[in-house]
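Topology and contacts: notes
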Amino acid sequence: MYKKIIVPIAMDQLEHGEKTLERAQSLLDDGGEIILLNVVEDLNAYAQGYMIIDFPLELVEASRKNAVETLTGLKEKHAVNGRVEIRVGGAAGTINAFAADVGADLVIIASHRPGLIDYFLGSTASRVASHCGCSVLIDR
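Reference entry: report on the structure contained in this document. Predicted, not measured: the structure shown is a model, and the values here were computed from it. (Residues numbered from 1 in each chain as written. Predicted model: local features only at pLDDT ≥ 70, side-chain atom pairs only at ≥ 80, totals over all residues. Heavy atoms only, no water.)

Points about the pattern of salt bridges
Evaluated as defined, the whole model comprises eight salt bridges. Close ionic contact of Arg87 with Glu85 constitutes a salt bridge, the shortest N to O distance being 2.9 Å. Glu85 sits in the buried class, given a relative accessible area of 16%. The structure contains a network of salt bridges with shared partners spanning Lys4, Glu33, Arg83, Glu85 and Arg87. (Salt bridge = Lys/Arg side-chain N within 4 Å of Asp/Glu carboxyl O. Buried < 20%, exposed > 50% of the residue type's maximum accessible area, 1.4 Å probe, protein only.)

Structure follows, in structure tokens:
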């Protein structure tokens, strides 16, 4: 059993994230905490050197607001003992850094069946599992 579990949830994979959240609840110690985490990709970081215009800051802020509302709804629906956190950056690196910062003992991350692009770049779940300092459970 675990005392602090991070459950990263992508807004485009809510069904998987909800199942992963249920799994996290089954592994949580009494009095433990689940942190629902969403990482909003900073599109301007990718655009530099490739695009002439910047993405509006309102787009990132709207994504953050949507993530807070969605994850708060999941937290309430499942009566989760924990909190919601939103970060901006690259998904895998941000998840790993956040896990280290909060002293997590487990990250449970949903994974999809890999497509062709995943074999060349690697999926977020794969990068988290490869580089995270704590235990990682990949949930399919």
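A few points about unusual backbone geometry
Unusually for a residue other than glycine, Ala79 sits at a positive phi of about 50°. Following the sequence through the fold, Ala79 ends up in the loop between helix H3 (57-77) and strand E3 (82-88). (Helix = DSSP H or I, 4+ residues; strand = E, 2+ residues; numbered from the N terminus.)

So, the sheet that holds strand E4 (residues 106-110)
Across the sheet, five strands lie side by side as E3-E2-E1-E4-E5; this open sheet has parallel pairing. The open sheet has two edge strands with one neighbour each: E3 and strand E5 (135-139). Averaged over all adjacent pairs, the angle separating strand axes in this sheet is 25°, with direction ignored. Most of the contacts of H3 go to E3, to which it runs at about 160°, and overall it touches strand E2 (28-40) and E3. (Pairing = 2+ DSSP bridges. Axes fitted to C-alpha atoms, helices over the stretch in contact; angles between N-to-C directions. Contact = heavy atoms within 4.5 Å.)

Re the packing of helix H4 (residues 91-102) against helix H6 (residues 124-131)
Between H4 and H6, the shortest axis-to-axis distance is 8 Å and the interhelical angle comes to 35°. Of the two possible hands of crossing, H4 and H6 adopt the one that is right-handed. Across the interface between the two elements, Ala91, Ala92, Ile95 and Asn96 from H4 touch Thr124, Arg127, Val128 and His131 from H6. Along the lines of polarity and charge, the residues of the contact of H4 with H6 split into four nonpolar, three polar and one charged. (Left-handed = near helix turned anticlockwise from the far one by under 90°. Nonpolar A, V, L, I, M, F, W, Y, C, P; charged D, E, K, R; others polar.)

Points about the environment of Leu74
With respect to the helices and strands, Leu74 occurs in helix H3. Look at Leu74 and you get buried, because its relative accessible area is 8%. Residues Leu74 and Gly17 lie 57 residues apart in sequence; the distance between their C-alpha atoms is 9.5 Å. Setting aside anything within four residues of it in sequence, one finds Leu74 in contact with Ile9, Leu14, Glu18 and Leu21.

None of the figures reported here should be taken as evidence of function without further support.
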